[in-house]
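What the coordinates show
So the chains spell out like this:
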Amino acid sequence: MAEYYGVDVDDIFNTMPARFRPEGAEGVEAIFGYDIGADGKWKLSVGAGQMSVEQTDDLSGCDVVARMDGQTFVGINIGKVDAMAALGAAKLKVEGDFNLFAATGKLFTKYVPPGQEVEPEQELITLKRTISVNQRFATGPVMGTFLQGLKEKKILAIQCPECKRLQSPPREVCAPCRVRNDKWVEIGPAGEMRMMEYCYYASPDPLTGETRETPYGAIGVLLDGCKEDEVFWHLLRPDQLDDVQMGLVMGDTVVRGTRLRPVWSEKRTGSISDIQYFEIDS
Amino acid sequence: MGYRQKNRHVGIVGIGETKFSSHREDVNQPEMVHEAVRQALDDAGLTINDIDCVVHGNMELFEMVHQPDMWHTLGTGAYGKSSFRLTTGGTTGGTLVSGADNLVASGMYDVVLAIGFEKLQEGHTTGGITNMADPLWARKLQSGALTAQAAVKVIAEFGEERARRAAMAYRIIMDKHACKNPNAHRAFHLEWDQMEDLMENSPPLIGDLRLIHMCSQSDGACAIIFASEKKAKEISSKPVWVRDHITVHREETLNLHNNYYPIDTTHRFAAEQLFGRNGIDNPLEYFDVFEMYDPSAWWGVDWLREFFLLEGDEHIRMVENRDIMIDGKMPINPSGGVISTNPIGATAIIRVAEAAKQIRGDAGEHQIPRNVEHGLASSFGGTMWTVLHILEKELNW
């Protein structure tokens, strides 16, 4: 078996029982597979605050399997390689639930090669803080008119008196023309999907503090009555992400996107959530 | 656009950069800022007593600290001095340079220290960026700075295969540059034969934007000292001159997801204005280095066309022919760029610092292997805003 950074892959698996932290395993119930290339395969079972690890040829039945070479595995375990960086460079591949795999970071104390145990000079203290703030944002008369429209299942746009472009959600002035917008027009509510952001990344929703469910689709819809780039920004029905086509206008190339319609919330309060999402208009 | 020439010339006389990394838990914010300030002072051969004014900036509230310039006073050296705080989102670092340049050019101050910093690990980057969106509508929809818009556009224009290969080639070139820069945060040692594997297996974030394409979340700080022409010549044997700069804003991008082209970008608009008023007819010929604020490989590829005022597939060919490599015809980001290192409030000032180092000829292992006289540095942020700087070796324009 090859050594990496002076450490055998074996050493890391063999010391897992001694380095196990039951407090870090709280709520973790899973079988983790490790495929360390030429160095072999291991299966780690965690549940009820206990763990066991065995070398094996068979990784079937694992909830998540991590594949990497010995250099990467040892590097991550002794702090020489950043796991996210290895993942980014495809030196670490995770099959299955990545968040579950990430939990392995808390299961063990750090591996320290024998003879290299050193007392830290000083414990560096990190202070943990969570901020939770209640906020109230005034919408003003222009945005307020638009939000009132949503309560009545109407999507309103405001029109520039000079260039005639429509903005929805509305803005008080047309920035390029530097004039006050003055005319309300009802648009949609159905339209053609243009661009969709097919989001796999679980970003936080700052309005609720909760992590968004993935995948989700953030879309631009060219609502009926609008033209060119006058799209309306909202969400797609989550189970229809793979059933829609993006529209495109690029020179002579014109691709028509899927027709969509809004799905209104039962209880409407004058907010973006008055529309649950857009769905295929069939 | 109203514009007048500067009252007097301004030179860069000192540069300091911390090592950039994902964790700087060994120092607090003022200590980290101080590392960059110390280096810049040493580089210039000055002490803090020689500094007339301090300009400080980062991403507003990314670490949820109000007025960090107040907490950082001991690290910045601003005690008892004039001090300004500038915070313009992703462009902050560029605005710091523009602000410091204006302060010196105006005659108000002779020597100004500009500092950009970020400790992204002390906050939540994507949450922070999402919170910049309009709270009445867009905040519910924004996914930080992550977007596949550029990927959709480049693929629609050049086909999946060519577009994906160009983006990954750009990414690998940036990594090869980062491997030469000891301050770079992420240097993966990617090889050309990993191209197909990465195109297939790097985890997707949004559509065709994969983890490997996207910039890092880094900690670090960068400081630059600016001086009037007279002072600059006294302080430094090789000052780098800030020839001109431009800032272009647009309205919010509530209608970003439109797939309607062509669009007027602030990058092209800024480049046209800036090059036009400086008589630069062929920017590809003129500049010897371009440090671009390239938050992802897709944007990096797409924006080459905008900044250099190119048409058709000229920008794709620059990548395919590897003209953008450190020893190529038009070196882009010999530092490794933003994809390798992104402490956001410092990111854009690092672009100027790195372009200036190239002009001085002392960038170290990532020095471009030929004479560098004319540098371009860009900043990006806000909702698709641009700041552009032209740097010069000689005072002869």
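Rules used in this analysis
Residues numbered from 1 in each chain as written. Chains lettered and ligands numbered in written order. Predicted model: local features only at pLDDT ≥ 70, side-chain atom pairs only at ≥ 80, totals over all residues. Helix = DSSP H or I, 4+ residues; strand = E, 2+ residues; numbered from the N terminus. Rg over C-alpha atoms; globule rule 2.2 N^0.38 Å. Contact = placed C-beta atoms within 7 Å. Core = buried A, V, L, I, M, F, W, Y, C linked by C-beta atoms within 7 Å. Buried ≥ 20, exposed ≤ 12 C-beta atoms within 10 Å, placed from the backbone. Domains from an automatic or database assignment. Nonpolar A, V, L, I, M, F, W, Y, C, P; charged D, E, K, R; others polar. Pairing = 2+ DSSP bridges. Axes fitted to C-alpha atoms, helices over the stretch in contact; angles between N-to-C directions.

This brings us to the overall build of chain B. When helices and strands are tallied, chain B shows 15 helices and 12 strands. Computed over its C-alpha atoms, the radius of gyration of chain B comes to 20 Å, within 12% of the 21 Å expected for a compact globule of 397 residues. C-alpha extents for chain B along the principal axes are approximately 55 × 45 × 40 Å. In chain B, 79% of the contacts between residues at least 6 apart in sequence involve partners at least 24 apart.

So, about the nonpolar core. For soluble globular proteins, nonpolar side chains are generally found buried alongside one another. Counting residues in hydrophobic clusters, the biggest one holds 183 residues, and the most contacted among them are Val112, Ala114, Ile224 and Ile349 of chain B. Broken down by element, this core gets its largest block of residues, 10 residues, from helix H7 (residues 160–178) of chain B. For this core, the domains that each give at least three residues are domain 1 (3–106) and domain 2 (140–280) of chain A. Excluding residues within four positions of it along the chain, Val112 of chain B makes contact with Asp52, Cys53, Val55, Ala100, Leu103, Val104 and Phe226 of chain B.

Many structure descriptions define interface size as the accessible area lost when the parts assemble. Listed per partner, the contact involves 48 residues of chain B and 43 residues of chain A. Of all the secondary structure elements, the ones that give two or more residues to the side of chain B that touches chain A are helix H5 (125–130), helix H6 (149–158), helix H8 (195–201), strand E5 (204–206) and strand E9 (260–261) of chain B. Sorting elements by how many residues they give to the side of chain B that touches chain A places H6 of chain B first, with four residues. Here the residues of the side of chain B that touches chain A sort into 22 nonpolar, 18 polar and eight charged. One ladder, built from two bridges, connects strand E16 (residues 248–250) of chain A with E9 of chain B; its direction is parallel. Paired with Met250 of chain A across the bridge in E9 of chain B is Tyr261 of chain B.

Before going further, it helps to examine the sheet that holds strand E9 (residues 166–167) of chain A. Residue and element names in this part refer to chain A. The three strands are arranged E9-E8-E12 in an open sheet whose pairing can be described as antiparallel. Looking along the sheet, the strands with just one partner apiece sit at the ends: E9 and strand E12 (183–187). As defined by bridge partners, strand E8 (residues 155–159) adjoins E9 across two bridges and the pair is classed as antiparallel. Residue pairing for E9: Ile158 is matched across the bridge by Gln167.

What follows concerns the sheet that holds strand E2 (residues 53–57) of chain B. All names here are of chain B. The sheet built from nine strands is open, its strands ordered E3-E2-E4-E7-E1-E8-E12-E11-E10 with mixed pairing. Two strands bound the open sheet, and with one partner strand each, they are strand E3 (82–85) and strand E10 (289–291). Adjacent strand axes in the sheet meet at a mean angle of 25° when their direction is disregarded. Both strand E11 (residues 374–381) and strand E12 (residues 385–392) contribute to a ladder of eight bridges, which runs antiparallel. Bridging from a neighbouring strand, Leu376 pairs with Ile390 of E12.

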